[in-house]
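Survey of secondary and tertiary structure
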2 protein chains.
Amino acid sequence: MAVDVSELVEQAREGRPRAVARLISLVEGASPHLREVMAALAPLCGNAYVVGLTGSPGVGKSTSTSALVTAYRREGKRVGILAVDPSSPFSGGALLGDRVRMGEHASDPGVYIRSMATRGHLGGLAWAAPQAIRVLDAAGCDIVLVETVGVGQSEVEIAAQADTSVVLLAPGMGDGIQAAKAGILEIGDVYVVNKADRDGADATVRELNHMLGLGEARSPGDWRPPIVKTVAARSEGVEEVVAALEKHRAWMDERGVLAERRARRAAREIETIAVTALRERMGELRGGKRLDALAEKVVGGTLDPYAAADELVAGVTEQ
Amino acid sequence: MAVDVSELVEQAREGRPRAVARLISLVEGASPHLREVMAALAPLCGNAYVVGLTGSPGVGKSTSTSALVTAYRREGKRVGILAVDPSSPFSGGALLGDRVRMGEHASDPGVYIRSMATRGHLGGLAWAAPQAIRVLDAAGCDIVLVETVGVGQSEVEIAAQADTSVVLLAPGMGDGIQAAKAGILEIGDVYVVNKADRDGADATVRELNHMLGLGEARSPGDWRPPIVKTVAARSEGVEEVVAALEKHRAWMDERGVLAERRARRAAREIETIAVTALRERMGELRGGKRLDALAEKVVGGTLDPYAAADELVAGVTEQ
């Protein structure tokens, strides 16, 4: 099927959700139009403020995301939501679950909702999420919320895609220790203790405060991640979260940190794409036989793996 | 300090533990002698049978390893043990804990014990473990036991290094479900239910049997992973584990599977080394400024990340 990329981009800019969805599908897979789409989007990107939200299952991520969207829509902002589930085999389009939980936003033309699965894709998140964010950015979203389940490495990857990272916790889930284990304490710019009407909320805040204080000493101008208490289901504290996000954005802007973060993000993205391309070239050398032949020599003891790698690198670079 | 690699290798072949330890230290880090050592080891490798052992904390991995070592030593075999702890910041030499738990083997000249930590090293395991295995192999070990804690991705990586993978479980730890989650059911060639004198051992075996049966249908010649019950602390069932390992090895040998696995392992290893080398070259382009300049263009919208990656690849390959 012929794809008119420039027309799709035009329609996405006009706010047509189908065009946005189609563009994300084109950049998610290994579509032959991927490069054309990326080239068309490049000059339109850079306006969206990307907020990452992560937390263990049960802390109320979906409810919090929905409440945040309501708050931003009240300000007239266009919002894109990228819901990344590393454990889900489903990808593309909005899942039924999204439609249900995002019920109040599903028919709002100022809100785009997209689900993305990464299971089974090595480095899938680092690969696909930035491209989808670019589409939402180019389509005119003021805010892109990237929501993911905190299950190990993935939330760190997500944080690497965001301008500001929000870590969600809830009382009485042993989250403090979990968070420390997962390295979550190193990635949060803003911490939210949701379900703050429950027993133990203050204890969670105290524990979190304590653990955040355990890090290296901060300089006077450094960012001290705030801890905000919310009851997202009743929209309590959500305005405070928005305020904390704005504060962090302003702090980054003032110090050039936002530009730095975005440059670092772009560098990582370029490097990932380049390494993948080089890896593909390696695999293609002599129809994939080069690596096999080298591996056989290593198994046979006539070549060591470093010398074999040298030959492989030479094969790629001297084409 | 001058290092005489060929003398070290000679001494390691003679069974001197200090030389073995020194060689592992040389290949673990980014020692300038790494390549020299690897080249010297290459023709001496390929004799050791590499057995991976993994399981959650508390299933009795150390006890099982120790019991296996005793069984192999009784057959007069030389045994190397590589204890990999992805959560430990300590590396190099045998830890106090190893000496204690491996007490009966610590003074046995036919046994080498080495601890390896991978925390903080991205891809550290895939990187360092194969080299350490090569040292133990070249030093004349008949068996190399690679023991690791099952904590997510790491045990899959370890399995990729082994000729035969043993997955350890214990009754009443909810291991079945845990195992399925961690993808452990896909990597075991032999399953061991340790602490089989405890309540629930038969239930664990049944559950495991059921879950293993859920996989795709097997062809008549396919390997059906056996489940062996042990009480490692009393050496019960350990001979059966050794027999199961030998059976798997024979099965692999007959069908050329062992050669295939080793070739695949070598290919992955070569590729990892090559990709790392290319990544380093990218970082070094124009003193590291090339990638920064490209990232700035992407952030500024004058270049898309794919076109930027093309330039980066060109910079590496056209040097």
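From a predicted model like this one, the values you see are computed outputs, not experimental measurements.

Here we come to the overall build of chain A. A count of helical and extended segments in chain A gives 14 helices and seven strands. Within chain A, buried positions represent 53% of all 319 residues. Here the analysis covers contacts within chain A between residues at least 6 apart in sequence; of these, 75% occur between residues at least 24 apart. Accessible area of chain A: about 14300 Å², with a carbon and sulfur share of 52%.

Below, the discussion takes up the packing of aromatic side chains. Residue and element names in this part refer to chain A. Scanning the model with the defined rule gives two aromatic pairs over all chains in all. Ring geometry for tryptophan 223 against tryptophan 251: centres 5.7 Å apart, planes inclined by 50 degrees, an arrangement best described as tilted. Residue tryptophan 223 is located in the loop between helix H10 (201-213) and strand E7 (227-229), and its partner tryptophan 251 is located in helix H11 (residues 238-255); the two are separated by 28 residues in the primary sequence. In this structure, tryptophan 223 and tryptophan 251 share a single accessibility class: buried.

The biggest cluster of nonpolar side chains holds 109 residues, and the ones touching the most others in it are Ile270(A) and Ile270(B). Residues within four places of Ile270(A) in sequence aside, it is in contact with Leu291(B), Leu294(B), Ala295(B), Val298(B), Pro305(B), Ala308(B), Ala309(B) and Leu312(B).

As a general feature of sheets, a regular strand has side chains that alternate between the two faces. Residues and elements named next belong to chain A. Within strand E5 (residues 164-169), six of the six residues are buried, leaving the element largely enclosed by the surrounding structure. Taking every second residue as pointing to the same face, both faces of E5 are buried, with Thr164, Val166 and Leu168 on one and Ser165, Val167 and Leu169 on the other. Across four bridges, the pairing between strand E1 (residues 49-55) and E5 is parallel. The residue of E5 that forms the bridge with threonine 54 is valine 167.

Moving on, we get to a negative patch on the surface. Residues and elements named next belong to chain A. Residues Asp4, Glu7, Glu10 and Glu36 make up a contiguous surface patch of negative charge. Topologically, glutamate 36 is positioned in helix H3 (residues 34-41). Among the residues examined, glutamate 36 registers a relative accessible area of 42% and is labelled partly exposed.

The next thing to look at is the environment of Pro130(B). Along the chain, Pro130(B) turns up in helix H7 (residues 124-138). Put simply, Pro130(B) and Ala160(B) are 30 residues apart on the chain and 9.9 Å apart in space, counted from C-alpha to C-alpha.

Chain A puts 42 residues into the contact, and the matching count from chain B is 41 residues. Of the roughly 3900 Å² buried between chain A and chain B on both sides combined, carbon and sulfur atoms contribute 73%. Our count for the contact surface shared by chain A and chain B stands at four salt bridges. Arg279(B) is the salt-bridge partner of Glu271(A), the closest N and O atoms lying 3.2 Å from each other. Our count for the contact surface shared by chain A and chain B stands at four residue pairs in polar contact (both at pLDDT 80 or more). Listing elements by their share of the side of chain A that touches chain B, those giving two or more residues are H3, helix H7 (124-138), helix H12 (257-284), helix H13 (289-300) and helix H14 (305-317) of chain A.

About the cut-offs
Residues numbered from 1 in each chain as written. Chains lettered and ligands numbered in written order. Predicted model: local features only at pLDDT ≥ 70, side-chain atom pairs only at ≥ 80, totals over all residues. Heavy atoms only, no water. Helix = DSSP H or I, 4+ residues; strand = E, 2+ residues; numbered from the N terminus. Buried < 20%, exposed > 50% of the residue type's maximum accessible area, 1.4 Å probe, protein only. Contact = heavy atoms within 4.5 Å. Areas by Shrake-Rupley, 256 points an atom, 1.4 Å probe, with all protein chains shown as cover. Phe/Tyr/Trp six-rings, centres within 6.5 Å; stacked < 30°, edge-to-face > 60°. Core = buried A, V, L, I, M, F, W, Y, C linked by side-chain atoms within 4.5 Å. Pairing = 2+ DSSP bridges. Patch = residues over 30% accessible without salt bridge, like charges linked within 9 Å, V, L, I, M, F, W, Y side chains within 5 Å. Salt bridge = Lys/Arg side-chain N within 4 Å of Asp/Glu carboxyl O. Lys, Arg positive; Asp, Glu negative; His and termini not counted. Charge placed at Lys NZ, Arg CZ, Asp CG, Glu CD. Buried area = accessible area lost by both parts, 1.4 Å probe. Polar contact = N/O pair within 3.5 Å; in protein donor to acceptor, adjacent residues only side chain to side chain.

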